[in-house]
Structures are given as structure tokens and as C-alpha cells.
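# Architecture and fold: a report
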Amino acid sequence: MASMTSSDGATICVVVGRTRHKMMQIEIQEAGKRGARLIEVRLDFLAKAPDFGRLLEIKPCPMIATVRRAPDGGRWSGTEEERLVLLRQAIAAGFDWVDLETDVIDSVPRFKDVKRIVSYHNLREIPDDIEDIHAGMCRQDADVVKIAVTAHHPTDVVYMLDLIRNSPKPLVGICMGELGVASRILGGRAGAPFTYAAFNRERSMAPGMLTFDDMRKVYHYEEVNATTTVYGVIGDPVAHSLSPLIHNRSFRELGINAVYVPFRVPRGELPLFLKEFQAVPVQGYSVTLPHKETAATLPGEKDTVVAAIHAANTLLRNENGWRLSNTDVPAAADSIRAALSPDDAHPADLQAHTALILGAGGVARAVAHALHREGAAVIIANRTLERAQRLAEETGCRVAEWATRHNVTCDMLINCTSVGMYPNMDESPVHHSALKPGLFVFETIYTPEQTLLVKEAKARECKVLTGVDMFVRQAALQFELFTGRQAPLEVMRTVVRRALSPVAIRDEG
Ligand code: NAP
């Protein structure tokens, strides 16, 4: 029998749970083909009594038998007595591992070389007596201890990683829920023998569980080890951020042993989060909504852009605390310059241009500052006039009323509103008649890349720049701050465009 022990390093256990044997078999085989080294078979999902022969005859790697009760997050609807009988049968039938909850493991004797996981689940919280529970589980007759509890704060992850690190027995410690996703990615780095992942996106088996493909292809979980440097993105929401895709792919491209993790941090929790995660430590962060302004107030060295616009999107740890940077502003300027003059030897001079910016939110602010710094004339039109006036005052720009936006004379039109963004893709912030041939149209939206504005501007022979370039450039500048290496811009572009393909967007939606 092939074994899976903690000395093998971090392994991904693929969780398979279907109501029909046929589908269960297909997924077990497919998981094997995709490279699974451990599979958990969720027998509680089966609509009929399990036929162990059918499940085990196609076993591509070690398999865990689990029959999860409803209060622990499972679907088992029979009696507890029947469940224990089923578990004993699974052990005898040839499963390599069995998952036994902490309250039942003592009543199920060890059988031959079948390995045992003692598990504890709490779908509500991390109970106050978790350390006692953990200590008790470590004394039970098991090879691996599994604790899956529910995170209420992002800092719960730090606690869990500590528990894993100091556990006398191999511990798979998981904080469930979106706030705990980092525990799933960083568990192996702290010493967890394995983590759990869903067979596919439609069948996540527990709150916050990532897919096998994401764990392997985005986070490279099996290669994350104690020496892996950690970076991440802080935001709320953060689940659909493309930043983990871009940065992890780029680390790989350059052979850098680092992992980039999404951290959902609710508004107001940034300072505490940063303090607690020093223990990991995390070397650098991308910062997104709603934390950019708070990030700019952190103690540390600020670059000139942060000092001017009071918004930081990058934090890099240094000996004095944090180095605070803003890569949105230079990325906006670089993007526009490159689109106007792709020839690096003759960079475009933005002083000769007049830009109409639609919108006065975060992106408008970065673009307005960028253009103002480059000496362009800037006019801001926003649905809410006061917001436009505030931004204009801050950047020394002019304001136009939203209703008059079609009459403004300009040679650059920049959409910084969210009009046209997924899922409202049949909307545009301007009537197509305002799109004259030769007008430079910069659409900052990148979900989707081909917005209605982009399509209409192209059809009317405008010069068009989409939001992907600015997005990739701000990430590339962050990558360079993080690593001191030149970012693989083309790789980054490809990764983003692939993720933004219509099929991928539909899947995410
Ligand atoms: P934000 O701060 O929430 O600002 C949204 C802006 O859109 C505001 O000016 C808002 O006007 C305006 N708006 C929303 N709905 C509107 C409507 N129905 N009609 C007219 N105006 C409307 O958002 P943000 O962070 O600036 O992001 C804006 C867009 O930029 C997003 O769609 C995002 O995809 C894109 N983005 C691009 C990049 C990049 O690197 N390319 C980075 C981040 C974001 P009010 O002030 O009147 O509400």
C-alpha cells in the first residue's frame, strides 16, 4: 500500500463527494489523472449504501474514508450506530486512511496498517477551549490530527498556523470561511502534512475550500515549504482578485520561492491584521479596496505619490516598518504613454493633451494625478458633482457637469466609472456619437476587456487602450518592489487575458 506521511511534505487531499457511485468513480479516476496523491472519499454523499469494491478497484492513490455527520458539515442522515458500522466496513474493505471524529475514535479499534485521522469540526467558531481539544486529540490513537474551525477574523489564521507549528502530532489545521482561506494555502509551510481541496469549482465541500487546480496551478501548494517567502493582497472583497494569479505565475516564471495569498480583511481591521501577520511573516502586500487610504497612514517611508495622494497600494516590509508605495499612478501614466507612443526611444509628451476623465472614484484619482503630474490638461466629469469638485481641487483640474460630458473638447477620453463593467456589459458612459475618429479612448475597466465603449470606439476608428495594460503595469511595478527583479510583463498580460476570457468570466459570475 502506498502511504502518505508527514515526511512526504505538503500534499493536497482531493475531496470527492457525489450521490452516485458512477460519478464518484469518474471523479476518483480523474483526480488520479490530474496528479492527486491523496483522495478523501465522502461516503456520506452517496445516495445508496456504498459499494466499496467499486470505489476501491479504481483507486489511483491512497484514499481516506469519511462519513461526515450534518453538525460537522456532512450529509450523513442515518443513525450514529449505522455510521460507525459503515466506517468499520470501510476500514476492513481496504481504504488506506479513515477519518474518525474525536468523540468516536476511541470506540473504533486500529486495524492493520490503516492510518487514522482524528477530526474536530466547528462550523460556528473557534471555541475558547480549542487548545484543550487539540491537546486531547493529540493523545488519541491517530496518525494525523485534523481541526477545521470557523474564522471570524483574518488573524485567526495566524493562531491556527501557530497551532500547526507547535503541534506534537502532525496537524491539518484549517480556518473555514473566506476569512480563513490563507490557512489552507499556508498550512503546509507551517508543517501541516496535507490540506484539503475540492475536486472542482462547483463542488466545494467546505466554506473557503479552494479547488485542486487552484491549489496546484495558482498556489503551487506542493512546493510551498518553510523557506517560502509570503506575499499577499489585502482587500474586501478579494475572492475574485486576479493578483494571486499574476504574482504566483510570475514567481514561478522567475524561479522565485514565494507564494502570494489573498487575505480578506474587513474595513477597520488593517492595522491589527498587519501586526498579527508579522509572525508569519508576510514580506509585502498589494492593497486594494477599501484599505488604500488607511494604508497610506501607516508609519514608514512613503514614496512621493503616496505623500501626494494619500493612497498606498503596495506595502513592503523593511527594517523600519513599511515602505509605502503607489503603483497605480505610475502605471496609469506608463500605460497612456506607451499607447500613444509605443517607441520607447521617443516617449509621448502628455503636456500637449487635454483629457476628459469620467468618474471621480479611486481609479479616477490615480489617473487624474498621473495626468496632472505629466502636465496634461484634465477635466473631470462625474455623476456626483461634489465628488468631481473635490478631486479637481486636489489635483488642480477643471470640472464639467456630467450632463455636458459629450460637449467637452478633448483629445483623450478616459472612462474611470464602473459603467460597462461585468455584468452590465451593454452599458457605456458616453453616446457613441461622441467618439470621433482619432480620439484616444482609455477604458480603465478590464472585466470585461472588450467593453461596449471599447467596441464602439474601435468601430469609430478611435485609438483605444483597455484597462488590462494599467492593471498589469501596476502589478508589475509591485512585483519589482517585492522582488527587485524585472517583472515578466508579457507573461502577466497573458495570464490576465486568459483569466478574463468570456468563458472564465461566466464561470466566476
Ligand atoms: P469607485 O471608487 O467605486 O468609483 C466608481 C465611479 O463610477 C464613481 O465615479 C461613480 O460615480 C461612477 N459610477 C458608478 N455607476 C455609475 C453610473 N451608473 N453612471 C455614472 N457613473 C457611475 O470605483 P473605482 O475603484 O474607481 O473603479 C472604477 C472602475 O475602474 C471599475 O469598474 C474597475 O473595473 C476599474 N478599475 C480598473 C483598474 C485598472 O488598473 N485598470 C483598477 C481598479 C479598477 P459616483 O461618484 O456618482 O458614484
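As a reminder, the structure under discussion sits directly above these lines.
Residues numbered from 1 in each chain as written. Predicted model: local features only at pLDDT ≥ 70, side-chain atom pairs only at ≥ 80, totals over all residues. Heavy atoms only, no water.

## Focus on the pattern of salt bridges
Put simply, the test is: Salt bridges, as used here, are contacts in which a Lys or Arg side-chain nitrogen is within 4 Å of a carboxyl oxygen on Asp or Glu. Only DSSP runs of H or I covering at least 4 residues are called helices, and only runs of E covering at least 2 are called strands; the numbering of each starts at the N terminus. Relative accessibility thresholds used throughout: buried, under 20% of the residue-type maximum; exposed, over 50%; partly exposed, between the two (1.4 Å probe, protein chains only).
As enumerated under the stated definition, the model contains 32 salt bridges in all. The closest approach of N and O atoms between R68 and D99, which form a salt bridge, is 3.0 Å. Taken together, the residues R68 in the loop between β3 (63-66) and α3 (80-93) and D99 in strand β4 (residues 97-101) connect sequence positions 31 residues apart. Each member of the pair, R68 as well as D99, is classed as buried.

## Points about empty space enclosed by the protein
Note the following rule: Residues are called lining when one of their atoms sits within 4 Å of a cavity or pocket point, these points coming from a 1 Å grid over the protein atoms alone, where a cavity is a set in which a 1.4 Å probe fits but cannot get out and a pocket is an open set with protein on both sides within 12 Å along at least five of seven lines. Grid points are joined across faces, edges and corners, and a volume is the space filled by probe spheres set on the points. Polar here means any residue outside two lists: the nonpolar Ala, Val, Leu, Ile, Met, Phe, Trp, Tyr, Cys and Pro, and the charged Asp, Glu, Lys and Arg; Gly therefore counts as polar.
Taken as a whole, this structure holds one cavity of 30 Å³ or more when the rule is applied. Estimates place the volume of the largest cavity at around 40 Å³. Contributing to the lining of the largest cavity are P154, V157, E178, L179, V181, A182, P262, F263, R264, F273 and F277. Elements with a contribution of two residues or more to the lining of the largest cavity: α6 (181-190) and β10 (258-264). The biggest single contributor to the lining of the largest cavity is β10, with three residues. A breakdown of the residues in the lining of the largest cavity according to their chemical character gives nine nonpolar, no polar and two charged.

## Digging into the sheet that holds strand β7 (residues 171-176)
Selection rule: Any two strands between which DSSP finds at least two bridges are classified as paired. For helices, the axis comes from a line fit to the C-alpha atoms of the stretch in contact; other axes are also lines fit to C-alpha atoms, and the angle between any two N-to-C directions lies between 0 and 180 degrees. Should any heavy atoms of two residues lie within 4.5 Å, those residues are considered in contact.
Taken in spatial order, the eight strands make up an open sheet running β7-β6-β5-β4-β3-β2-β1-β8, and their pairing is parallel. What marks the edges here is a single partner per strand, and that holds for β7 and β8 (194-198). If you compare each strand with its neighbour and ignore which way they point, the axes differ by 25° on average. The pairing of strand β2 (residues 38-42) with β3 spans four bridges and is parallel. Paired with V41 across the bridge in β3 is A65. Helix α4 (residues 130-139) contacts β5 (115-122), β6 (144-150) and β7 of the sheet and is inclined by roughly 160° relative to β6. Packing of helix α5 (residues 156-165) onto the sheet brings it into contact with β6 and β7, and relative to β7 it is tilted by some 170°.

## Details of the packing of helix α13 (residues 362-373) against helix α14 (residues 385-395)
Rules: Oblique is the label for every angle not falling under 35 degrees (roughly parallel), over 145 degrees (roughly antiparallel), or within 65 to 115 degrees (roughly perpendicular). In a left-handed crossing the near helix is turned counterclockwise from the far helix by less than a right angle, and in a right-handed crossing that turn is clockwise.
It is the contact of α13 with α14, at a shortest axis distance of 10 Å, that shows an interaxial angle of 30°. Judged by the angle between their axes, α13 and α14 are roughly parallel. Seen along the crossing, α13 lies across α14 with a hand that is right-handed. Contacts between α13 and α14 involve A364, R365, A368, H369 and H372 from the first element and L391, E394 and T395 from the second. Broken down by class, the residue content of the contact of α13 with α14 amounts to three nonpolar, three polar and two charged.

## Points about a nonpolar patch on the surface
Stated formally: Candidate patch residues must exceed 30% relative accessible area and have no salt bridge, after which like charges are joined if within 9 Å and Val, Leu, Ile, Met, Phe, Trp or Tyr side chains if within 5 Å. Here the Shrake-Rupley method, with its probe set to 1.4 Å, supplies the accessible areas, and only the displayed protein chains count as covering residues.
A surface patch of nonpolar side chains, about 240 Å² in accessible area, is lined by M421, Y422 and M425. Relative to the assigned elements, Y422 resides in the loop between β18 (412-415) and β19 (440-443). Taking relative accessible area as the criterion, Y422 reaches 31% and is therefore assigned partly exposed.

## Some words on the packing of aromatic side chains
Using the following cut-off: Only Phe, Tyr and Trp rings are paired, with Trp represented by its six-membered ring, and only when their centres lie within 6.5 Å; those with planes under 30 degrees apart are stacked, over 60 edge-to-face, the remainder tilted. Criterion for a charge above a ring: Arg CZ or Lys NZ at most 6 Å from the ring centre, at most 35 degrees from the ring normal.
Applying the stated criterion across every chain, the model contains 13 aromatic pairs. On the numbers, 5.0 Å between centres and 70° between planes, the contact of F263 with F277 is edge-to-face. Taken as a pair, F263 in strand β10 and F277 in the loop between α9 (270-276) and β11 (282-287) lie far apart in primary sequence, 14 residues in all. In this pair, the class of F263 matches that of F277, namely buried. Every member of this aromatic cluster is reached through a ring pair, and the members are F263, F273, F277, Y285 and W322. A cation over an aromatic ring shows up here: R34 above the ring of F199, its NZ or CZ 4.6 Å from the ring centre. In this arrangement the basic side chain of K146 is found over the ring face of Y196, its NZ or CZ atom lying 4.3 Å from the centre.

## Considerations on a positive patch on the surface
Threshold: Charged residues are defined here as Lys and Arg on the positive side and Asp and Glu on the negative side; His and the ends of the chain fall outside this count. All charge positions are set by atom: Lys at NZ, Arg at CZ, Asp at CG, Glu at CD.
On the surface, R20, K22, K48 and R54 cluster together into a positively charged patch. Tracing the backbone through its elements, the reader meets R20 in the loop between β1 (11-16) and α1 (21-33).

## Comments concerning the side chain of Q478
Structurally, Q478 can be placed in helix α16 (residues 467-483). Those residues within four positions of Q478 in sequence are excluded, and the remaining contacts are H247, S286, V287, N313, T314 and T327.

## Observations concerning the site of the ligand
To keep things clear, this is the line we draw: Residue proximity to a molecule or strand is established when one non-hydrogen atom of the residue lies within 4 Å of it. Two N or O atoms count as a polar contact when they lie within 3.5 Å, although within protein this holds only if one can serve as hydrogen donor and the other as acceptor, and sequence-adjacent residues are included solely when both atoms are side-chain atoms.
For the ligand, the set of nearby residues contains 21 residues, the closest of which are V363, N382, T384, R387 and M421. Within the contact set of the ligand, an oxygen atom lies 3.0 Å away from a backbone nitrogen or oxygen of G362. For the ligand, the accessible surface in isolation is 920 Å², of which the surrounding protein chains cover 77%. Elements that contribute at least two residues to the shell around the ligand include exactly α13 and α16. At three residues, α16 tops the list of elements feeding residues into the shell around the ligand.

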